[in-house]
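Topology and contacts: notes
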Amino acid sequence: MNINKIVQSKVIIVIIVAIFELAFLAGAFNLGVRVGYHKARFSYAWGEYYDRNFGGPRRGIFGAPEGPAFGRSAFEGPAFMNAHGIFGSVIKIDGDTVIIKGADNMERVILISGETQINKFKGTLRKEDLKVNDKIIVIGDPNEQGQIIAKFIRVMP
Amino acid sequence: MHRQGVLFILRPMQEDKEQTFGYINPIRPKRGLFSRIIRRLGLEEKLRSVKRNLGLFIAAFIFFAALFGAAFVVLKQLTAESNLGPFLSLIFSDPQAVLKYWDSFALSILESIPGFTAFVFLLSTAFLLLLIRSIILYFGKLLSIIKSIRKQRYEHK
């Protein structure tokens, strides 16, 4: 059998495309698992350390209903929180700790270190320049206490 | 012999055939009538099949259009609630920070994507495009068959 004919046949092309699609699917699945793992782990730590981070029970003193962090959306399934970034308003500043209220009305604790880069317009700011009600975008990594260690903060105008 | 008692007389038909059916003018079918009938039957069969498929495609189109609309509304709402917009804006405002903290930035973007809704939206979009293509193709086929039938109807006159 002519090897050129085999190589140029449609069956070979279909097999190659199918393998590419399978690889893409496997990659997407793996990425989804990784992202889900981070979100679930962060949401779990956030719930576990809520008392210590925010000074009160997550359900409130009178047992308020659960927030969206552990609720269930009809389209998205269990709603876990983003672990590597947040956009929201600063509601409290306490030393190196900044508490932000996100678009989902949930508070997150942001830890600012000496390496955190804070930008506003074209310049950089110090952590002392942050004010309550500032709208900020935070990029960072989660820790085991359900907090985000900020690497970069952009203060929105 | 007593002929009065005979009610009818059986005579072989062959004998006076010309006398019996002589008033009927023999019909001679036109040349190609049989092939025309067969062709017409084929066209009618095709027409029925195309109409049935077109109906199915239109029903599926209505279903996927409704799904597309619902997914679009939910996706718009979830995207507005998520931090996707602010995170993406960092690409333009702080490209250097995005490159420096690319891993946390990539994860924060991935965590913000409303995955399932985006999947439903993309799937319904793909099906809609496929169905629009099929409806246009089958509508063309339908017109072509109707034209062939009309042509055949009037071509012998």
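The coordinates are above.
Note that the structure is a prediction, hence the values are computed from the model and not measured. (Residues numbered from 1 in each chain as written. Chains lettered and ligands numbered in written order. Predicted model: local features only at pLDDT ≥ 70, side-chain atom pairs only at ≥ 80, totals over all residues.)

1. Quick look at the overall build of chain A
Short version of the rule: The secondary structure listing takes helices from DSSP runs of H or I that are at least 4 residues long and strands from runs of E that are at least 2 residues long, numbered from the N terminus. Any residue surrounded by 20 or more other C-beta atoms within 10 Å of its C-beta is treated as buried, while 12 or fewer makes it exposed and the intermediate range makes it partly exposed; C-beta atoms here are placed from the backbone. It is the C-beta atoms, placed from the backbone, that decide contacts: two residues are in contact if theirs lie within 7 Å.
Within chain A, the secondary structure is distributed over three helices and eight strands. Tracing chain A from N to C terminus, the helices and strands come up as α-α-α-β-β-β-β-β-β-β-β. Out of the 157 residues belonging to chain A, those deemed buried represent 24%. In chain A, of all internal contacts separated by at least 6 residues, the share reaching a separation of at least 24 is 53%.

2. Here we look at the overall build of chain B
Of regular secondary structure, chain B possesses six helices and zero strands. The secondary structure elements of chain B, listed N-terminal to C-terminal, are α-α-α-α-α-α. In chain B, which comprises 157 residues, the proportion classed as buried is 19%. Considering only contacts in chain B between residues 6 or more positions apart, those separated by 24 or more positions represent 89%.

3. Describing the interface of chain A and chain B
Filter applied, for reference: Ten residue types, Ala, Val, Leu, Ile, Met, Phe, Trp, Tyr, Cys and Pro, are classed as nonpolar, four, Asp, Glu, Lys and Arg, as charged, and the remainder, Gly among them, as polar.
Between chain A and chain B, the contact holds 25 residues from the first and 22 residues from the second. Here the side of chain A that touches chain B takes five residues from helix α2 (residues 10-48) of chain A, the largest share from any one element. When its residues are assigned to classes, the side of chain A that touches chain B shows ten nonpolar, nine polar and six charged.

4. A short note on the pairing of strand β3 (residues 85-94) of chain A
Operational definition: Paired strands, in this sense, are two strands between which DSSP finds at least two bridges.
As paired elements, β3(A) and strand β7 (residues 135-142) of chain A share five bridges and run antiparallel to each other. If you follow A:Gly85 over to β7(A), its bridge partner there is A:Ile139.

5. Regarding the pairing of β7(A)
Both faces of the sheet carry side chains from a regular strand, because those side chains alternate between them. Residue and element names in this part refer to chain A. Here β7 lies mainly inside the structure; six of its eight residues are buried. Bridge count between β7 and strand β8 (residues 147-155): seven bridges; the pairing is antiparallel. Residue Ile136 lies in a different strand from β8, and its bridge partner there is Val155.

6. Some words on the packing of helix α3 (residues 84-93) of chain B against helix α5 (residues 102-112) of chain B
Residue and element names in this part refer to chain B. Short version of the rule: Axis lines are fitted to C-alpha atoms, over the contacting stretch for helices. Their N-to-C directions set the angle, which ranges from 0 to 180 degrees. Relative orientations are named as follows: roughly parallel for angles under 35 degrees, roughly antiparallel for angles over 145 degrees, roughly perpendicular for angles from 65 to 115 degrees, and oblique for any other angle. Helix crossings are classified by the rotation of the near helix relative to the far one: an anticlockwise turn of less than a right angle makes the crossing left-handed, while a clockwise turn makes it right-handed.
Between α3 and α5, the least distance of the axes is 9 Å, while the angle of their chain directions is 150°. Relative to α5, the element α3 lies roughly antiparallel. Taken as a pair, α3 and α5 cross one another with a handedness that is left-handed. For the pair α3 and α5, the contacting residues are Leu84, Phe87 and Leu90 in the first and Phe105, Ser108, Ile109 and Ser112 in the second. Each residue belonging to the contact of α3 with α5 can be placed in one class, and the counts come to five nonpolar, two polar and no charged.

7. Here's the deal with α5(B)
Taken across its eleven residues, α5(B) has eight buried, putting it largely inside the fold. Within α5(B), burial applies to B:Ser104, B:Phe105, B:Leu107, B:Ser108, B:Ile109, B:Leu110, B:Glu111 and B:Ser112. Where α5(B) is buried, its residues meet α2, β3, β7 and β8 of chain A together with α3 and α4 (95-100) of chain B.

8. Concerning the packing of α2(A) against α5(B)
Interaxial distance between α2(A) and α5(B) falls to 10 Å at its minimum, and their mutual angle equals 90°. Regarding the angle of α2(A) to α5(B), the classification is roughly perpendicular. Side by side, α2(A) and α5(B) meet where A:Leu31, A:Val35, A:His38 and A:Lys39 of the first sit next to B:Leu107, B:Leu110 and B:Glu111 of the second. When the residues that make up the contact of α2(A) with α5(B) are grouped by side-chain class, the tally is four nonpolar, one polar and two charged.

9. Considering the environment of A:Lys101
Residues and elements named next belong to chain A. Along the chain, the position of Lys101 falls in strand β4 (residues 97-102). Exposure remark for Lys101: the 15 C-beta atoms within 10 Å place this residue in the partly exposed category. In this structure, the C-alpha to C-alpha distance between Lys101 and Ile91, residues ten residues apart in sequence, is 6.6 Å. Ignoring sequence-local partners within four residues, the contact set of Lys101 consists of Gly88, Ser89, Ile91 and Glu107.

10. Examining helix α2 (residues 33-81) of chain B
To be explicit about the condition: Each residue after the first adds 1.5 Å to the expected span of a helix.
Under the 1.5 Å per step criterion, the end-to-end length of α2(B) is 70 Å for 49 residues, consistent within 8% with the ideal 72 Å. Looking only at α2(B), the buried set comprises B:Val50, B:Phe57, B:Phe64, B:Phe68, B:Ala71, B:Val74 and B:Leu78.

11. Looking at unusual backbone geometry
All names here are of chain A. Phi is positive for Phe121, close to 50°, though the residue is something other than glycine. As for its placement among the helices and strands, Phe121 is situated in the loop between β5 (107-120) and β6 (123-125). Although it is not a glycine, Asn133 sits at a positive phi angle of roughly 80°. Structurally, the position occupied by Asn133 is in the loop between β6 and β7.

12. With respect to the nonpolar core
Side chains that are nonpolar tend, in soluble globular proteins, to be buried together. Our working rule: Buried Ala, Val, Leu, Ile, Met, Phe, Trp, Tyr and Cys residues whose C-beta atoms connect them within 7 Å together make up a nonpolar core.
Counting 25 residues, the largest nonpolar core has A:Ile100, A:Ile110, A:Ile137, A:Val138, A:Ala150 and B:Phe105 as its most contacted members. Listed by contribution, the elements that provide at least two residues to this core are β3, β4, β5, β7 and β8 of chain A together with α3 and α5 of chain B. With sequence-adjacent residues up to four places away left out, A:Ile137 is seen in contact with A:Phe87, A:Arg154, A:Met156, B:Pro86, B:Phe87 and B:Leu90.

13. Some details on the environment of A:Asn53
Residue and element names in this part refer to chain A. Mapped onto the elements of the fold, Asn53 is located in helix α3 (residues 50-54). You can call Asn53 partly exposed: it has 18 C-beta atoms within 10 Å. Here the alpha-carbon distance between Asn53 and Gly146, two residues 93 residues apart in the chain, equals 8.5 Å. Excluding anything up to four places from it in sequence, Asn53 contacts Val109, Gln145, Gly146 and Gln147.

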